[in-house]
Amino acid sequence: MWSNLLLSSPAEPIIEIRYSQPESRLPNNYIEYPITVFAMKCRKCGAKASVNMRQHRLALCKEHYLEWVPEQTERFIKKYQMFDRGDKILVAISGGKDSLSLWDILVRLGYQADGLYIGLGIDGGINYSSESHRLTEKFANENNLKLHVVDVENEYGQPIPMLSEISHRGHGKPCAVCGLTKRHVMNRIARDLGYDVLATGHNLDDEAAVLFGNTLQWSSEFLLRQGPVLPSTEGLARKVKPLCRFYEREMTAYALLRGIEYIYEECPFAEGSTSIYYKELLNKLETDRPGSKLTFYLRFLEARQRGDLFAEKDIRQANLHPCPNCGQPTSAQGLCSFCRLMEKAEGVATISRSAL
Ligand code: SF4
Ligand code: ZN
């Protein structure tokens with residue numbers, strides 16, 4: 001399966017990423033180059049495009065892509081009223097491309113954003129936690145940013161896999177315990193250190209997969225809560241997802257073009273998860289129908305905002321009246337749609353009869 005992400009650097013021809021699964025799970029060498037493809041031009045300056053976004057019908061060069069992403073992020077922050085420049089923001093950093101890119105973008109946009117890294121104590125044969133911690137520290141040091149680090153084992157006595165085993169939760173997978181612990185720690189640090197907002201790097205692929213899962217189950221409670229902003233409640237900071245409208249591939253392109261070093265591997269416990277399966281399904285859909293993932297998510301947000309996600313529409317309120325010709329109920333002015341169709345067809349038939 002081919003993605004529509006094209007990347008290039010001044011020294012190389014356009015390169016193309018192929019994928020059939022979420023990109024975060026692809027090893028770095030999955031980017032193949034050089035592959036010469038049709039020359040696309042940047043919409044803004046006409047130079048050779050580095051990124052082509054079929055779903056937006058937009059191709060941009062490296063420079064303009066690196067401007068476009070923060071501009072769009074700013075637009076989403078304002079549109080969903082996430083925060084303003086006076087707010088103190090805590091960004092949850094995993095060491096992956098999304099959270100590091102989010103931190104980078106917020107700082108570039110001039111927001112007061114500090115990072116929070118939670119050491120989960122997961123090795124999985126790839127030094128997952130220590131490597132993601134190293135890359136997060138590296139990013140913070142290189143950019144002179146403030147990073148809070150909470151090591152679960154140091155603070156709570158056991159790393160995540162052990163906490164999970166001890167608690168017998170999650171049927172051999174520590175994800176339930178991990179999610180619970182991360183939420184607890186994020187909320188605690190935000191509250192104790194006086195942050196107004198907690199920002200996470202969830203992208204469109206993450207949000208669409210969660211939405212898909214909630215829709216399959218018709219989990220109305222979760223559906224009514226899902227969105228770019230979760231308002232603050234007693235003792236809990238507001239939670240926001242400024243990247244929720246970016247495709248995962250768009251964030252991969254941002255991190256690569258911006259030269260952000262991030263951990264390519266996902267947590268080893270993510271293997272075989274339902275959310276990855278949903279992402280794969282949605283990627284298949286997206287390949288055949290570019291833009292469907294975004295439409296799926298945006299139409300949901302619009303319906304939620306209108307407040308009619310689960311509202312029963314009162315048909316009587318739809319101003320129905322009987323069609324003056326056939327008597328069937330219609331909301332159209334005058335004749336119903338069917339009678340208008342027949343009227344047209346009759347007119348066409350009359351004209352063609354008279355032409356004989
Ligand atoms: Fe935690 Fe890994 Fe599960 Fe994610 S996949 S919830 S990081 S254990
Ligand atoms: Zn350009």
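Since the model is a prediction, treat every value here as computed from it, not as a measurement.

Some details on the overall build of the protein chain
Consideration 1: Each helix and strand in the protein chain was counted, giving 12 helices and 13 strands.
Consideration 2: Considering only residue pairs separated by 6 or more positions, the protein chain has 64% of its internal contacts joining residues 24 or more positions apart.
Consideration 3: For the protein chain, the accessible surface area stands at approximately 19100 Å², while carbon and sulfur atoms represent 52% of it.

Describing helix 9 (residues 248-258)
Since the α-helix turns once every 3.6 residues, residues separated by three or four places project in the same direction.
Consideration 1: Counting buried residues in helix 9 gives nine out of 11 residues, a clear majority hidden from the surface.
Consideration 2: Gly259 sits one or two residues past helix 9 and shows a positive phi near 75 degrees.

Brief notes about the coordination of the zinc ion (ligand 2)
Consideration 1: Here the zinc ion (ligand 2) is held by the protein donor atoms Cys42 (SG), Cys45 (SG), Cys61 (SG) and His64 (ND1), which lie 2.1 to 2.3 Å from it.
Consideration 2: The site at the zinc ion (ligand 2) holds four donor atoms, and with the angles between them running 96 to 114 degrees, its shape is tetrahedral.
Consideration 3: For the zinc ion (ligand 2), all donor residues lie on one chain, and their spacing in sequence is C-x2-C-x15-C-x2-H. Of this pair, Cys45 sits in the loop between strand 3 (31-32) and strand 4 (51-53) while Cys61 sits in the loop between strand 5 (58-60) and helix 1 (62-79), and the two are 16 residues apart along the sequence.
Consideration 4: What makes Cys45 partly exposed here is its relative accessible area of 44%.
Consideration 5: Judged by its relative accessible area of 8%, Cys61 is buried.

Re the sheet that holds strand 7 (residues 112-119)
One key point about sheets: their strands pair by backbone hydrogen bonds, in either a parallel or an antiparallel sense.
Consideration 1: Spatial ordering of the open sheet is given by 8-7-6-9-11-10, a layout of six strands whose pairing is mixed. Looking at strand neighbours, the two that pair on one side only are strand 8 (147-151) and strand 10 (229-230), the edges of this open sheet.
Consideration 2: In the sheet, strand 9 (residues 197-199) pairs with strand 11 (residues 238-240) via three bridges, with the strands oriented parallel. When the bridges of strand 11 are listed, Ala199 appears paired with Val240.
Consideration 3: Seen against the sheet, helix 3 (residues 128-142) touches strand 6 (88-93), strand 7 and strand 8 and runs at an angle of roughly 165 degrees to strand 8.
Consideration 4: Relative to the sheet, helix 6 (residues 175-192) contacts strand 6, strand 7, strand 8, strand 9 and strand 11, its axis offset from that of strand 7 by approximately 140 degrees.

Quick word on the pairing of strand 7
Consideration 1: Burial within strand 7 is extensive, with seven of its eight residues counted as buried.
Consideration 2: Where strand 6 lies against strand 7, six bridges are found, and the strand directions are parallel. Each residue of the ladder has a partner; that of Leu90, found in strand 7, is Asp114.
Consideration 3: For the handedness criterion, the β-α-β arrangement of strand 6, helix 2 (residues 97-108) and strand 7 is classed as right-handed.
Consideration 4: Here five bridges tie strand 7 to strand 8, and the two strands are oriented parallel to one another. Its bridge partner being in strand 8, Tyr117 is matched across the sheet by Val149.
Consideration 5: Where the polypeptide runs from strand 7 across helix 3 and back to strand 8, its parallel neighbour, the crossover connection is right-handed.

Digging into the pairing of strand 6
Regular strands place side chains that alternate from one sheet face to the opposite one.
Consideration 1: Most of strand 6 is tucked away, with five of its six residues classed as buried.
Consideration 2: Relative to strand 9, strand 6 runs parallel, the two being bridged by three bridges. When the bridges of strand 9 are listed, Leu90 appears paired with Leu198.

Some thoughts on the pattern of salt bridges
Consideration 1: A complete count under the given rule lists 15 salt bridges for this structure.
Consideration 2: Between Asp104 and Arg258 there is a salt bridge whose closest N-O contact spans 2.8 Å. Residue Asp104 is located in helix 2, and its partner Arg258 is located in helix 9; the two are separated by 154 residues in the primary sequence.
Consideration 3: Looking at Asp104, the relative accessible area reads 6%, which means it is buried.
Consideration 4: Taking the relative accessible area as the measure of exposure, Arg258 reaches 33% and is therefore partly exposed.
Consideration 5: One salt bridge in this structure joins Lys241 and Glu207, with 3.2 Å as the shortest N-O distance.

A look at a nonpolar patch on the surface
Consideration 1: A cluster of nonpolar side chains, contributed by Trp218, Leu224 and Phe310, occupies part of the molecular surface with about 350 Å² of accessible area.
Consideration 2: Residue placement: Phe310 occurs in the loop between helix 11 (292-306) and strand 12 (321-322).
Consideration 3: What makes Phe310 partly exposed here is its relative accessible area of 38%.

Let's talk about the side chain of Asp87
Consideration 1: Within the secondary structure layout, Asp87 lies in the loop between helix 1 and strand 6.
Consideration 2: Beyond its immediate stretch of four places on either side in the chain, Asp87 contacts Gln112, Asp196, Val197 and Arg238.

Describing the packing of aromatic side chains
Consideration 1: This model, assessed by the stated rule, comprises nine aromatic pairs.
Consideration 2: Ring centres of Trp103 and Phe139 lie 5.6 Å apart, and the angle between their planes is 40 degrees; on these two criteria the pair is classed as tilted. With a gap of 36 residues between them, Trp103 in helix 2 and Phe139 in helix 3 connect regions that are remote in the sequence.
Consideration 3: Here the aromatic rings of Phe212 and Phe296 are separated by 6.4 Å at their centres, their planes lie at 75 degrees, and the arrangement is edge-to-face. Remark: Phe296 occurs in helix 11 and Phe212 occurs in helix 7 (residues 204-217); sequence separation between them is 84 residues.
Consideration 4: On the basis of relative accessibility, which here comes to 22%, the residue Phe212 falls in the partly exposed class.
Consideration 5: For the cation-ring pair, Lys88 lies above Tyr195, with the distance from its terminal atom to the ring centre recorded as 4.5 Å.

Conventions used here
- Residues numbered from 1 in each chain as written.
- Chains lettered and ligands numbered in written order.
- Predicted model: local features only at pLDDT ≥ 70, side-chain atom pairs only at ≥ 80, totals over all residues.
- Heavy atoms only, no water.
- Helix = DSSP H or I, 4+ residues; strand = E, 2+ residues; numbered from the N terminus.
- Contact = heavy atoms within 4.5 Å.
- Areas by Shrake-Rupley, 256 points an atom, 1.4 Å probe, with all protein chains shown as cover.
- Buried < 20%, exposed > 50% of the residue type's maximum accessible area, 1.4 Å probe, protein only.
- Donors = N, O, S within 2.8 Å, 3.2 Å for Na, K, Ca; no water.
- Tetrahedral: all angles 85-135°; square planar, octahedral: opposite > 155°, others 65-115°.
- Pairing = 2+ DSSP bridges.
- Axes fitted to C-alpha atoms, helices over the stretch in contact; angles between N-to-C directions.
- Right-handed = clockwise from strand over helix to strand, strands pointing away.
- Salt bridge = Lys/Arg side-chain N within 4 Å of Asp/Glu carboxyl O.
- Patch = residues over 30% accessible without salt bridge, like charges linked within 9 Å, V, L, I, M, F, W, Y side chains within 5 Å.
- Phe/Tyr/Trp six-rings, centres within 6.5 Å; stacked < 30°, edge-to-face > 60°.
- Lys NZ or Arg CZ within 6 Å of the ring centre and 35° of its normal.

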